[in-house]
Amino acid sequence: MKQNKLDSKSIQWIKDNSKEFTDEFIRKSKLVKNFHKELEPYRMKKDKEGYQKLFKELLKKEEEKQWKKE
């Protein structure tokens, strides 16, 4: 059985704030569409550390772009 990475407080927050959670999930999913091709080599090599590092950097850049547009 696969263990959940979320603790019980996080799960409860998601249940209580499902609309806010889904809105944020959709927003981030749209941002990831802009850079998913750059992450593919890390995913294929199963380089979790490199993937996570690049993912955080790219997500931050995309969020900055979005803030500038608004």
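Structural notes, computed from the coordinates.

Here is what the cut-offs are and how they apply
- Residues numbered from 1 in each chain as written.
- Predicted model: local features only at pLDDT ≥ 70, side-chain atom pairs only at ≥ 80, totals over all residues.
- Heavy atoms only, no water.
- Helix = DSSP H or I, 4+ residues; strand = E, 2+ residues; numbered from the N terminus.
- Rg over C-alpha atoms; globule rule 2.2 N^0.38 Å.
- Buried < 20%, exposed > 50% of the residue type's maximum accessible area, 1.4 Å probe, protein only.
- Areas by Shrake-Rupley, 256 points an atom, 1.4 Å probe, with all protein chains shown as cover.
- Salt bridge = Lys/Arg side-chain N within 4 Å of Asp/Glu carboxyl O.

1. Some thoughts on the overall build of the protein
Phase 1 of the analysis: For the protein, the helix and strand inventory stands at four helices and zero strands.
Phase 2 of the analysis: Here the C-alpha radius of gyration of the protein, 15 Å, is well above what a compact globule of 70 residues would show, namely 11 Å.
Phase 3 of the analysis: Overall size of the protein, expressed as C-alpha extent along the three principal axes, is 40 × 35 × 15 Å.
Phase 4 of the analysis: Here the protein, with 70 residues, has 13% of them falling under the buried criterion.
Phase 5 of the analysis: Approximately 6800 Å² of the protein is accessible, and the part contributed by carbon and sulfur atoms is 55%.

2. Examining the pattern of salt bridges
Phase 1 of the analysis: Inspection of every chain in the model, using the stated rule, returns seven salt bridges.
Phase 2 of the analysis: Between lysine 28 and glutamate 24 there is a salt bridge, and its shortest N-O distance comes to 3.9 Å. Taken together, the residues span about one helical turn, with lysine 28 and glutamate 24 both in helix 2 (residues 18–33) at a distance of four residues.
Phase 3 of the analysis: For lysine 28, a relative accessible area of 31% corresponds to the partly exposed category.
Phase 4 of the analysis: Where glutamate 40 meets arginine 43, a salt bridge forms, and the shortest distance between an N and an O atom there is 2.5 Å. Within this pair, glutamate 40 and its partner arginine 43 are both found in helix 3 (residues 36–45), separated by three residues, close to a single helical turn.
Phase 5 of the analysis: Owing to a relative accessible area of 31%, glutamate 40 belongs among the partly exposed residues under this scheme.
Phase 6 of the analysis: In this structure, a network of salt bridges that share partners links the residues Glu24, Arg27, Lys28 and Glu63.

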